[in-house]
Amino acid sequence: MTENHTCRRNVPDVDITGLVQEDRVHSTLYSDPTIFQAELDKVFNNTWVWVGHESEVPDTGSYKTAHIGKQPVIVSRDRKGEIHVLLNRCRHRAATVCEGKRGKTRSFVCPYHGWGYALDGELRAIPKADEYDGVLEKQDFPLVRVRHETYNGMIFATLKADMIPLTDFLGGAKKWMDLFMKQGGGYPIKVLGDHRFRFPGNWKIQLENTTDAYHFPVVHKSFVSSLDAQTSQVFDFLDGDGFVEDLGNGHSVMVMIPELVDLEDNLDAPIPDRFKDFAAELAKEGKDEAEIKRLVRAVGGSGFNLNLFPNVACSMAFFRVLRPISVEETEIHHVAIGGDGAPAAFNQLRMRLHEHFQGPMGFGTPDDAEAWERVQKGSYAGPDEWILVNRGQSKLKTSADGNVAGAVCSETGMRAAYRKYLAMMTA
Amino acid sequence: MNATLNAVTAFINTEADMLDFQDYQAWLDLWDEDGSYVVPIDTETEDYANSLNFAYDNATMRRLRVNRLISGEAVSTQTTPKTVRAPSRFRILSDADGVVTVRCAQLLSENRHGNLRTYPSDVTYKLRREGEGFRMVEKVVRLLNADHHLSSIGYIL
Ligand code: FES
Ligand SMILES: [Fe+2]
């Protein structure tokens, strides 16, 4: 029994050479179903894909469901405390063995004929096993285990057997992940819940958006109007000292608010007016001045978006996860995070800030979704039209880390992602 | 009991009409100053403060939400100009200390970019008696698909 488990499908023969240029990408990339089919295989099944955060499976028996491209997987924690990523597919005749977002269980029991699997995927129970005498051995049919590695709490899985180690893949992005995780305010990062929504458009429209500062004052005008004067100034960053840096492997970082890059810096700064009530609440809970300042500085999140190609971003105060549904449909998860063991007031304020902007009823997300839907609709116009990603191309610099960098509202991050995309699609 | 059921039904129908016809100022005036408007993700919880919700508005957030809808600045609010909602299946869950708790079904349809979509939900109201009428102390909208993906919602449920 040495079959290949990686679900290779018949991959259409598409050649996208010429459709991705340094300064533009062709509109068919948003709407050609054969290109989408090839992307699932050549991109999503062929690299590290984010499947969860360790805090989502805190205990023995905790699980969450996720997807690698279109393939459903389970992330589970076994009795020894070890994390597993398993294809969510019974080895008998393919039924999913686990449904729902997250939960706790003792085992995964297939609903169809009752095969039972342990938390580590081992096949433990087969009803009426005698008909399998001499036909099948239980130890040969565990749930298919998917290779996974973690970095700073983020769990990535890959279907590519010889994929380079996760830390090599993340490369220059690791520094920014470390900075991002400081927003627990001295407590480990913990997932608090997520907003999920779909929009009728291609997944790459969302990939571009996480590194698109240019749209902020236009699309999010109504959000900015809902802020107090001090906060709206913080979000007025297009003329500031922000930048976008190409981190390699398709990853990029867009720094919008440079003074909020390192949340452990500048802890002596006075408490901004908008967080005075929050600080008072912490003081009432008996927190000392140093801790209050650390929590106040962390509560609003980091001043940057880190785009990790292809499916996750560490976006200011949350994780933004994309899941391709079809060539014209994408699901987005906005994952709220807080501090594990942090004061209730801290996590409550973080969730209220998240609700204010994010999600299908937030003051920001619906306008993003509207813009993306309009991109998809418009992209059908014209016989041979292109999507421009050349903004800031003539004003590139070299960053302190030796990377290509452009202005905060340049399209440097999109070019980084498409360069990696082209390399994978034509490999 | 019948008189109370008739009274809360009339109140909720009027509230629905205000939202469908975008009479937002009148809608804001229905609220108790300390009232909460909640659209939870977890339809089992009542601990909204310690949960992530789709919406969890106090008076300030309600005003900001209305401002956003009427400002003309939010592109998503312009492509869903109209909703039609039908509250029904009213049942009084409790009536004590001047507060009536009533649950109903709400079928809401939107027309966005020409696509007709429906959001069914269970809605629970806590209504404080005031004079001849009521004030909203709490409105909790539990969407049938709250635990799954939604589409963007550019109006008040
Ligand atoms: S499909 Fe799972 S037991 Fe038959
Ligand atoms: Fe946006």
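As the structure is a prediction and not an experimental result, all values here were calculated from the model. (Residues numbered from 1 in each chain as written. Chains lettered and ligands numbered in written order. Predicted model: local features only at pLDDT ≥ 70, side-chain atom pairs only at ≥ 80, totals over all residues. Heavy atoms only, no water.)

### A closer look at the coordination of the iron ion (ligand 2)
Residue and element names in this part refer to chain A.
Part 1: Taken together, His215 (NE2), His220 (NE2), Asp368 (OD) and Asp368 (OD) make up the full set of protein donors to the iron ion (ligand 2), lying 2.1 to 2.5 Å away.
Part 2: Each of the four donor atoms around the iron ion (ligand 2) contributes to a set of angles spanning 57 to 151°, which defines the coordination as irregular.
Part 3: Each donor residue of the iron ion (ligand 2) lies on the same chain, and together they follow the pattern H-x4-H-x147-D. Placement of His220 in the loop between helix 5 (216-219) and helix 6 (221-225) and of Asp368 in helix 11 (residues 365-378) is noted, with a sequence separation of 148 residues between them. (Donors = N, O, S within 2.8 Å, 3.2 Å for Na, K, Ca; no water. Tetrahedral: all angles 85-135°; square planar, octahedral: opposite > 155°, others 65-115°. Helix = DSSP H or I, 4+ residues; strand = E, 2+ residues; numbered from the N terminus.)

### Focus on the pairing of strand 5 (residues 115-130) of chain B
Residue and element names in this part refer to chain B.
Part 1: Bridge count between strand 4 (residues 99-112) and strand 5: 14 bridges; the pairing is antiparallel. Along strand 5, the bridge assignment pairs Arg103 with Thr124.
Part 2: The antiparallel pairing of strand 4 with strand 5 creates a hairpin that spans two residues between the two strands, and His113 there sits at a positive phi of about 50°.
Part 3: Across ten bridges, strand 5 lies against strand 6 (residues 133-143) in antiparallel orientation. Residue pairing for strand 6: Thr124 is matched across the bridge by Val140.
Part 4: Between strand 5 and strand 6, which pair antiparallel one after the other, the connecting turn spans two residues, and Gly131 there sits at a positive phi close to 55°. (Pairing = 2+ DSSP bridges.)

### So, the pairing of strand 14 (residues 243-248) of chain A
Residue and element names in this part refer to chain A.
Part 1: The pairing of strand 14 with strand 15 (residues 251-255) spans five bridges and is classified as antiparallel. If you follow Phe243 over to strand 15, its bridge partner there is Val255.
Part 2: As consecutive antiparallel partners, strand 14 and strand 15 are separated by two residues, and within that stretch Asn249 has a phi angle of approximately 55°, a positive value.
Part 3: Bridging between strand 14 and strand 22 (residues 404-407) involves three bridges; their strand directions are antiparallel. Residue Glu245 lies in a different strand from strand 22, and its bridge partner there is Ala405.

### Concerning the interface of chain A and chain B
Part 1: At the junction of the two partners, chain A supplies 32 residues and chain B supplies 33 residues.
Part 2: Across the chain A-chain B interface, the total number found is five salt bridges.
Part 3: With a shortest N-O distance of 3.1 Å, Arg112 of chain B and Glu370 of chain A are connected by a salt bridge.
Part 4: Across the chain A-chain B interface, the total number found is 24 residue pairs in polar contact (both at pLDDT 80 or more).
Part 5: Secondary structure elements with two or more residues in the side of chain A that touches chain B: strand 13 (189-199), helix 6, strand 19 (329-339), helix 10 (344-357) and helix 11 of chain A.
Part 6: Within the side of chain A that touches chain B, the residues separate by chemical class into ten nonpolar, nine polar and 13 charged. (Contact = heavy atoms within 4.5 Å. Salt bridge = Lys/Arg side-chain N within 4 Å of Asp/Glu carboxyl O. Polar contact = N/O pair within 3.5 Å; in protein donor to acceptor, adjacent residues only side chain to side chain. Nonpolar A, V, L, I, M, F, W, Y, C, P; charged D, E, K, R; others polar.)

### Some details on the side chain of Arg142 of chain B
All names here are of chain B.
Part 1: Note on placement: Arg142 falls in strand 6.
Part 2: Buried within the structure, Arg142 lacks any salt-bridge partner; Glu46 is the closest side chain of opposite charge, at an N-O distance of 4.2 Å.
Part 3: Among the polar contacts listed, one links the side chain of Arg142 to the backbone oxygen of Thr43, at a separation of 3.1 Å.
Part 4: Discounting residues that sit within four places of it in the chain, Arg142 has contacts with Pro40, Thr43, Thr45, Glu46, Tyr48, Ser121, Asp122 and Thr124. (Buried < 20%, exposed > 50% of the residue type's maximum accessible area, 1.4 Å probe, protein only. Lys, Arg positive; Asp, Glu negative; His and termini not counted.)

### A few points about the sheet that holds strand 4 (residues 62-68) of chain A
Residues and elements named next belong to chain A.
Part 1: Read from one edge of the open sheet, seven strands run 3-12-11-6-5-4-7, paired in antiparallel fashion. Both outer strands of the open sheet, strand 3 (49-53) and strand 7 (102-104), are each paired with one neighbouring strand and no more. With strand direction ignored, the average angle separating the axes of adjacent strands in the sheet is 30°.
Part 2: Strand direction decides the pairing type here: strand 6 (residues 83-87) and strand 11 (residues 145-151), joined by two bridges, are antiparallel. Opposite Val85, over in strand 11, you have Val146 as the bridge partner. (Axes fitted to C-alpha atoms, helices over the stretch in contact; angles between N-to-C directions.)

### Remarks on the nonpolar core
Part 1: Ranked by internal contacts, the top residues of the largest apolar core, which has 47 residues, are Val51 and Tyr421 of chain A.
Part 2: Counting residues per element, this core draws most heavily on helix 12 (residues 412-425) of chain A, at six residues.
Part 3: With near-sequence residues (within four places) excluded, Val51 of chain A lies in contact with Lys64, Ala66, Ile68, Val73, Val75, Val85, Ile155, Phe156 and Ala157 of chain A.
Part 4: Formed by 41 residues, the second largest nonpolar core is a distinct cluster that contains Leu19, Trp27, Leu69 and Val141 of chain B. (Core = buried A, V, L, I, M, F, W, Y, C linked by side-chain atoms within 4.5 Å.)

### Some remarks on empty space enclosed by the protein
Part 1: The full count for this structure, using the stated rule, is four cavities of 30 Å³ or more.
Part 2: Here the second largest cavity is characterised by a volume of approximately 50 Å³.
Part 3: What lines the second largest cavity is Met361, Gly362 and Phe363 of chain A together with Arg65, Arg68, Leu69, Ile153, Gly154 and Tyr155 of chain B. (1 Å grid on protein atoms, 1.4 Å probe; cavity = no way out; pocket = protein on both sides within 12 Å on 5 of 7 lines; lining within 4 Å. Points joined across faces, edges and corners; volume = space filled by probe spheres on them.)

### A look at the sheet that holds strand 2 (residues 53-57) of chain B
Residues and elements named next belong to chain B.
Part 1: As summarised here, the arrangement of the six strands in space is 2-1-6-5-4-3, forming an open sheet in which the pairing is mixed. Here the strands that pair on one side only, and so sit at the sheet edges, are strand 2 and strand 3 (83-96). Adjacent strand axes in the sheet meet at a mean angle of 15°, parallel and antiparallel pairs treated alike.

### Remarks on the environment of Trp203 of chain A
All names here are of chain A.
Part 1: When you line up the elements, Trp203 lands in helix 4 (residues 203-209).
Part 2: Residues Trp203 and Arg350 lie 147 residues apart in sequence; the distance between their C-alpha atoms is 27 Å.
Part 3: Excluding residues within four positions of it along the chain, Trp203 makes contact with Phe36, Glu39, Val43, Phe44, Pro310, Leu322, Pro324, Thr330 and Tyr421.

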